[in-house]
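Single-letter residue listing:
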Amino acid sequence: MLEVTVDLKVHNSLDSVTNISNAVVTTGTFDGVHLGHQKILKKLNKLANYCEGESVLFTFFPHPRMVLFPDDHGLKLLNTLEEKKERLAASGLDHLIVHPFSPEFSRLSALQYVRDIMVNTLSVHTMVVGYDHHFGRNREGNLELLNEFSQTYDFGIEVISALDVEEVNVSSTKIRRSIGEGNIHLANEYLGYKYSFTGEVIEGEKRGRLLGFNTANIEISSELKIIPSFGVYAVNVLLCGQSYKGMLNIGVNPTFNNEHKTHIEVHILDFDSDIYGESLTIELVKKLRDEKKFNSKEGLVQQLNEDKRLTIETLR
């Protein structure tokens, strides 16, 4: 579990925001809270400390693409909202504002966005923005316009340069692609932590126990959560405050099934307890192999034993 370093104050609307002292504000979806985001948050906290103020992230839910393209957003996320809150709390952030994103909000002009939200509601002291920052209806606002507003409404601007962004060389899109391709090592490098997902243990077809490899079948709690490509993975399994080693299979069980339903199941090493209904968190460490179909049960068991050996070696 993450170590939470501050008492993060979460606001589910602007109505609950009051008396933020010298607000140092940045904005964005911050999906993944990856190394690039962490660099921004570090700067945000440093500036807030310098002006004896409080750091603020203004973000949105649902994700804007879900609202603007409801029938074709094709969206899969790195973090659920709860996971994002946990990551942000560990970053030292003071305030998280999760503003409901709606068609009406998307139509706010650049002026309305800055004047009504940043100035009149948040009493912004300093805005921290990227060098290519755009805001307001149809992304009409840019850095030049923001500089004009800052002079009119008397707040500061701290720009994250292209050099700073490129130095980290990471994006949520790159991480999603890496996970989708099963390149967990690269995804974890970009994130600065192990990618994980959480789900409930449900009853499966119980084939694993016939093979000598009991598995916990997992139902993911969020349909928007990105799931890695089909295959076998070395993982850490977090259950009831304890961490165990495990090997995870994602796929359609082609040796036994002709159906196309995706199954997510984990064999927890040195573990034999009834955990139906429990919540598991899976931390992915490395992809061991792609899913494949075996001609016999014996061939599958032989491969599972090799997978177990590689899992132990990987997680040593």
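Our structure is the block above this text.
Residues numbered from 1 in each chain as written. Predicted model: local features only at pLDDT ≥ 70, side-chain atom pairs only at ≥ 80, totals over all residues. Heavy atoms only, no water.

## Examining the overall build of the protein
Thinking step 1. Summing up its helical and strand segments, the protein has 11 helices and 12 strands in all.
Thinking step 2. Dimensions of the protein, computed from C-alpha atoms along their principal axes, come out at roughly 75 × 40 × 35 Å.
Thinking step 3. Taking the contacts inside the protein whose residues are at least 6 apart along the sequence as the reference set, 75% of them involve residues at least 24 apart.
Thinking step 4. Of the roughly 16500 Å² of accessible surface on the protein, 47% is carried by carbon and sulfur atoms.
Thinking step 5. Positive and negative charge centroids in the protein, built from 33 and 43 side chains respectively, lie 6 Å apart. (Helix = DSSP H or I, 4+ residues; strand = E, 2+ residues; numbered from the N terminus. Contact = heavy atoms within 4.5 Å. Areas by Shrake-Rupley, 256 points an atom, 1.4 Å probe, with all protein chains shown as cover. Lys, Arg positive; Asp, Glu negative; His and termini not counted. Charge placed at Lys NZ, Arg CZ, Asp CG, Glu CD.)

## Things to note about the sheet that holds strand 5 (residues 124-130)
Thinking step 1. Strand order in this open sheet of 6 strands is 1-4-3-2-5-6, and the pairing throughout is parallel. Where the open sheet ends on each side, the last strands, each with one partner, are strand 1 (9-11) and strand 6 (156-160). For this sheet the average axis-to-axis angle between neighbouring strands, irrespective of direction, equals 25°.
Thinking step 2. Pairing of strand 5 with strand 6, which is carried by 5 bridges, proceeds in the parallel orientation. Note on strand 6: the bridge partner recorded for Met-127 is Ile-157.
Thinking step 3. In the packing of helix 1 (residues 35-50) onto the sheet, contacts are made with strand 2 (23-27), strand 3 (54-61), strand 5 and strand 6, and the angle to strand 2 comes to roughly 165°. (Pairing = 2+ DSSP bridges. Axes fitted to C-alpha atoms, helices over the stretch in contact; angles between N-to-C directions.)

## Remarks on the packing of aromatic side chains
Thinking step 1. Taken as a whole and judged by the stated rule, the model has 8 aromatic pairs.
Thinking step 2. Taking the centre distance of 5.5 Å and the plane angle of 85° together, the rings of Phe-58 and Phe-60 count as edge-to-face. A single burial state applies to Phe-58 and to Phe-60, both of which are buried.
Thinking step 3. Ring centres of Phe-60 and Phe-105 lie 5.7 Å apart, and the angle between their planes is 50°; this geometry places the pair in the tilted category. Here the residue Phe-60 occupies a position in strand 3, and Phe-105 occupies one in helix 4 (residues 103-106), the gap between them amounting to 45 residues.
Thinking step 4. Exposure remark for Phe-60: the relative accessible area of 14% places this residue in the buried category.
Thinking step 5. Taken together, Phe-58, Phe-60, Phe-101, Phe-105, Tyr-113 and Phe-135 form an aromatic cluster joined through their ring pairs.
Thinking step 6. Cation over ring: Arg-87 sits above Tyr-193, and NZ or CZ is 3.4 Å from the ring centre. (Phe/Tyr/Trp six-rings, centres within 6.5 Å; stacked < 30°, edge-to-face > 60°. Buried < 20%, exposed > 50% of the residue type's maximum accessible area, 1.4 Å probe, protein only. Lys NZ or Arg CZ within 6 Å of the ring centre and 35° of its normal.)

## Focus: the pattern of salt bridges
Thinking step 1. Counted under the stated rule, the structure contains 9 salt bridges.
Thinking step 2. The salt bridge partner of Asp-116 is Arg-115, with a shortest N-O separation of 2.8 Å.
Thinking step 3. A salt bridge links Lys-287 to Asp-290; the shortest N-O distance between them is 2.7 Å.
Thinking step 4. Through salt bridges with shared partners, one network takes in Glu-306, Arg-309 and Glu-313. (Salt bridge = Lys/Arg side-chain N within 4 Å of Asp/Glu carboxyl O.)

## Points about the sheet that holds strand 10 (residues 242-251)
Thinking step 1. If you walk around this closed barrel you meet the 6 strands as 7-8-11-10-9-12, and the pairing is antiparallel. Averaged over all neighbouring strand pairs, the angle between strand axes comes to 45°, with direction disregarded.
Thinking step 2. In the packing of helix 11 (residues 297-314) onto the sheet, contacts are made with strand 9 (231-239), strand 10 and strand 12 (279-289), and the angle to strand 12 comes to roughly 100°.

## A short note on helix 9 (residues 184-191)
Thinking step 1. Taken as a whole, helix 9 has its buried residues at Ile-184, Ala-187, Asn-188, Tyr-190 and Leu-191. The buried residues of helix 9 occupy one face: seen down the axis, they fall within an arc of 160°.
Thinking step 2. Contacts made by the buried residues of helix 9 are with helix 1, helix 8 (172-180), strand 9 and strand 12. (Arc of directions from axis to C-beta.)

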